[in-house]
Amino acid sequence: MAGPRRSRMAILYGILVALLLISGLFFVVGQAVYGLTVLAIATLLNVRLLAFRRRLGRRDAGRNR
């Protein structure tokens, strides 16, 4: 039997947290260039997630009128 389904948002936030951890690990081992690259990717993902949540909020607000 399959477990409960997770939403796409939960999966994307899990990926975001993993990227932040990887970025921190690169900084700890002294690979700042790779750490900054991973941090930039995580930032872009976070911006996309925030825009997506904003769109969802506006769509839901339109239904409640």
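Coordinates for the structure precede this section.
Scoring rules and cut-offs
Residues numbered from 1 in each chain as written. Predicted model: local features only at pLDDT ≥ 70, side-chain atom pairs only at ≥ 80, totals over all residues. Heavy atoms only, no water. Helix = DSSP H or I, 4+ residues; strand = E, 2+ residues; numbered from the N terminus. Buried < 20%, exposed > 50% of the residue type's maximum accessible area, 1.4 Å probe, protein only. Areas by Shrake-Rupley, 256 points an atom, 1.4 Å probe, with all protein chains shown as cover. 1 Å grid on protein atoms, 1.4 Å probe; cavity = no way out; pocket = protein on both sides within 12 Å on 5 of 7 lines; lining within 4 Å. Points joined across faces, edges and corners; volume = space filled by probe spheres on them. Nonpolar A, V, L, I, M, F, W, Y, C, P; charged D, E, K, R; others polar. Phe/Tyr/Trp six-rings, centres within 6.5 Å; stacked < 30°, edge-to-face > 60°. Polar contact = N/O pair within 3.5 Å; in protein donor to acceptor, adjacent residues only side chain to side chain. Contact = heavy atoms within 4.5 Å. Patch = residues over 30% accessible without salt bridge, like charges linked within 9 Å, V, L, I, M, F, W, Y side chains within 5 Å. Salt bridge = Lys/Arg side-chain N within 4 Å of Asp/Glu carboxyl O. Lys, Arg positive; Asp, Glu negative; His and termini not counted. Charge placed at Lys NZ, Arg CZ, Asp CG, Glu CD.

1. Regarding the overall build of the protein
When its secondary structure is counted, the protein shows 2 helices and 0 strands. Counting across all 65 residues of the protein, residues that qualify as buried make up 14%. Put simply, the protein shows about 5,600 Å² of open surface, and 65% of that area lies on carbon and sulfur atoms.

2. Notes on the layout of surface pockets
The computed volume of the largest pocket comes to approximately 160 Å³. Along the walls of the largest pocket sit Arg8, Met9, Leu12, Leu45, Arg48, Leu49, Phe52 and Arg55, which together make up its complete lining. When contributions to the lining of the largest pocket are tallied by element, the ones reaching two or more residues are α1 (8–28) and α2 (32–63). In terms of residue count, the dominant contributor to the lining of the largest pocket is α2 (5 residues). Residue composition of the lining of the largest pocket, grouped by class: 5 nonpolar, no polar and 3 charged.

3. Some points on the packing of aromatic side chains
Evaluated as defined, the whole model comprises 1 aromatic pair. An angle of 45° between the planes, with centres 5.8 Å apart, marks the rings of phenylalanine 26 and tyrosine 34 as tilted.

4. A few points about the side chain of serine 23
Counting through the fold element by element, serine 23 comes out in helix α1. Here the side chain of serine 23 touches glycine 35 through a polar contact of 2.9 Å, landing on its backbone oxygen. Ignoring sequence-local partners within four residues, the contact set of serine 23 consists of Gly35, Val38 and Leu39.

5. Remarks on a positive patch on the surface
Together, Arg48, Arg54, Arg55, Arg58 and Arg59 line one region of the surface with positive charge. Along the chain, arginine 58 turns up in helix α2.

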